[in-house]
Structure formats: C-alpha cells, structure tokens
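Overview (structure and organization)
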Amino acid sequence: MTSEELLTVLAAVGHAQRLRVIAEVAGGRTYVSELARRLGISRPLLYMHLERLEKAGLVVGSLELSKSGKALKYFELAPFDLRVNAETITAAVAADAEGTDSDVKGNPT
C-alpha cells in the first residue's frame, strides 16, 4: 500500500456519515434506497459517500434487476482489516520510494 492509498482509506473512514454507512452495510447487503432511508440521508449524498468508500476498497457495489425489472444498486462490505500504526505508515512511505525508484529507472510502477 502506498501513502496515497493509505490516505484514500483514511479519508474514507474520516467522516462520521461514512462510518455510519459502514456500520449499516456491515449488517448485510442492501440497496441504496433502503440504506438512504435507514440513515436518513438523500440518495445523492449517500452515493457520494459510497463512491468514496468504494474507491477506498471498503464497500463493493453491484447493479441488479428486481423481479419488476427495476434496477437496484446493492452495496456490501468488502473484507478489510484497517490498522494504522508506525509500521503501516513506514511501509506506505517505503512503497512510495520504490515506485519513485522504478519511475526514475524508466520501469512502470
């Protein structure tokens, strides 16, 4: 994990609404409208939070058709174990340096 990836995850969990989303989705897979009702927030706002969580790899979304033919976007929690300590940060910075070394040598990262 690079420092950029670490910061993406930290930013994703660094918001009270997104923590509420994670807690709600931890109870099982659910579709966006239901999740918005449970959390008491609008679907557009929920989609914004879900996008950040999905980008960080904390939730996974899938589009499915209901029996009536209506498209429903479902989200579920992705397996993750988030630990932040000096070792995590040091490893992320080292991964950055390795990527920079590869860039300097002309090799893809």
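Just so it is clear, the structure is predicted and the values come from calculations on it, not from any experiment.

**A closer look at the pairing of strand E3 (residues 71–77)**
Sheet analysis places strand E1 (residues 30–31) next to E3, joined by two bridges and oriented antiparallel. Each residue of the ladder has a partner; that of Tyr31, found in E3, is Tyr74. Bridging between strand E2 (residues 59–65) and E3 involves seven bridges; their strand directions are antiparallel. Looking across to E3, one finds that Gly61 is bridged to Phe75. Between E2 and the antiparallel strand that follows it, E3, lie five residues; Gly69 among them carries a positive phi value of about 95 degrees.

**What about the UniProt feature "domain: HTH arsR-type" (unreviewed entry) in the protein chain?**
As recorded in UniProt, the feature "domain: HTH arsR-type" (unreviewed entry) lies at residues 8–88. Segment residues 8–88 splits into 49% helix and 20% strand. End C-alpha atoms: 14 Å apart.

**Some details on the nonpolar core**
In terms of nonpolar packing, the biggest core is built from 18 residues, with Val21, Leu35, Leu39, Leu46, Leu50, Leu53 and Leu58 touching the most fellow members. When contributions to this core are tallied by element, the ones reaching two or more residues are helix H1 (3–13), helix H2 (16–25), helix H3 (32–39) and helix H4 (43–55). Here this core gets four residues from one element, more than from any other, and that element is H3. Once residues lying within four places of it in the same chain are set aside, the contact partners of Leu46 are Val21, Val32, Leu35, Ala36, Leu39 and Ile41.

**So, the packing of H3 against H4**
Close contact between H3 and H4 brings their axes to 9 Å; oriented N to C, the two are set at 105 degrees. On the basis of the axis angle, H3 is roughly perpendicular to H4. Contacts from Val32, Ser33, Leu35, Ala36 and Leu39 of H3 reach H4 at Arg43, Leu46, Tyr47 and Leu50. Classifying every residue of the contact of H3 with H4 by side-chain character gives seven nonpolar, one polar and one charged.

Thresholds, definitions, all that
Residues numbered from 1 in each chain as written. Predicted model: local features only at pLDDT ≥ 70, side-chain atom pairs only at ≥ 80, totals over all residues. Heavy atoms only, no water. Pairing = 2+ DSSP bridges. Helix = DSSP H or I, 4+ residues; strand = E, 2+ residues; numbered from the N terminus. UniProt positions renumbered as here; feature names shortened; annotations may be inferred. Core = buried A, V, L, I, M, F, W, Y, C linked by side-chain atoms within 4.5 Å. Buried < 20%, exposed > 50% of the residue type's maximum accessible area, 1.4 Å probe, protein only. Contact = heavy atoms within 4.5 Å. Axes fitted to C-alpha atoms, helices over the stretch in contact; angles between N-to-C directions. Parallel < 35°, antiparallel > 145°, perpendicular 65-115°, else oblique. Nonpolar A, V, L, I, M, F, W, Y, C, P; charged D, E, K, R; others polar.

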